[in-house]
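Spelled out, the chains give:
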Amino acid sequence: MMTPEEKSEDRSEEIRKSSRQERERQIVEEIRAMAEALCRDEALELVFIEFHREPQGRVLRLYIDKPGGVTLDDCALVSRQLGDILDATLEDIGPYRLEISSPGANRPLGRAEDYERFRGEKVHIKTRRPLDGRKNYKGILGGIDNGRAVVRCDNEEIRISLEEISIARLVNYNGEK
């Protein structure tokens, strides 16, 4: 049984974690606005942004794409330009490593439009919290309906609110849409 002090400490830790996660979401949205403008100017698509802790420290990872695929030069260009912009405009985010990458075969889905664009493709969705006892869903993407991703999974059609999705990725995707 937990003492009142231990319960208070647990609650305080939950509040700090929630506050840190909210601040990281705000940072990602600020970065998204800057990165989308940069990518648009370079005829690139900003696919997805991740900002989280890894064993070697915090990582800000952006996935970019273009018809025919991105090159190493595309990634280097965005890295240099975005790195300079972030250094000049973002304050107090602490140390992080900036990585720019192609989306690869397990392309993340970052916008509502992506769920329509990749309708019919294999997808793996992880939710922020368990829904009906599970957090992982693998199946065929059926698009989007009223702000919910539609997935054909285990012989049934499941609808998952976009707000509940932690990460959604295509599985072994190798084409363009």
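A brief report on the enclosed structure follows.

Definitions and limits used
Residues numbered from 1 in each chain as written. Predicted model: local features only at pLDDT ≥ 70, side-chain atom pairs only at ≥ 80, totals over all residues. Heavy atoms only, no water. Phe/Tyr/Trp six-rings, centres within 6.5 Å; stacked < 30°, edge-to-face > 60°. Helix = DSSP H or I, 4+ residues; strand = E, 2+ residues; numbered from the N terminus. Buried < 20%, exposed > 50% of the residue type's maximum accessible area, 1.4 Å probe, protein only. Expected span 1.5 Å × (residues − 1). Arc of directions from axis to C-beta. Salt bridge = Lys/Arg side-chain N within 4 Å of Asp/Glu carboxyl O. Core = buried A, V, L, I, M, F, W, Y, C linked by side-chain atoms within 4.5 Å. Contact = heavy atoms within 4.5 Å.

Below, the discussion takes up the packing of aromatic side chains. Applying the stated criterion across every chain, the model contains 2 aromatic pairs. Look at F48 and Y63: their rings are 6.5 Å apart centre to centre, the planes differ by 45 degrees, and that puts the pair in the tilted class. Highlighted residues: F48 in strand β1 (residues 45-54) and Y63 in strand β2 (residues 57-65), separated in sequence by 15 residues. Y63 carries the same exposure label as F48, and that label is buried. Considering the side-chain rings of F118 and Y173, the 5.2 Å spacing of their centres and the 85 degrees angle between planes classify their relative orientation as edge-to-face.

Here we take up helix α2 (residues 72-89). Relative to the 26 Å expected for 18 residues at 1.5 Å per residue, α2 spans 25 Å between its end C-alpha atoms, a close match to the ideal helical length. Of all the positions in α2, only D74, C75, V78, L82, G83 and L86 are classed as buried. Taken end-on, α2 shows its buried residues confined to a sector of 150 degrees, consistent with a single buried face. Opposite the buried face of α2, at more than 90 degrees from it, the exposed residues are D73, R80, D84, D87 and A88.

Taken as a whole and assessed by the stated rule, the structure comprises 21 salt bridges. Close ionic contact of R129 with E164 constitutes a salt bridge, the shortest N to O distance being 3.2 Å. One end of the pair, R129, is in strand β4 (residues 122-131); the other, E164, is in the loop between β7 (156-161) and β8 (165-170), and 35 residues separate them in sequence. Each of E45, D65, R107, R111, E113, D114 and R117 takes part in one network of salt bridges that share partners.

Of all hydrophobic cores here, the largest spans 22 residues; its most connected members are L62 and I64. Those elements giving two or more residues to this core turn out to be α1 (4-41), β1, β2 and α2. With 7 residues, the top contributor of residues to this core is α1. What L62 contacts, discounting residues up to four positions off in sequence, is A35, L46, F48, I49, L82, L98, E99, I100 and S101. Y115, I125, L131 and I165 belong to the second-largest nonpolar core, a separate cluster that totals 17 residues.

Purely spatial values, then, with no claim about function.
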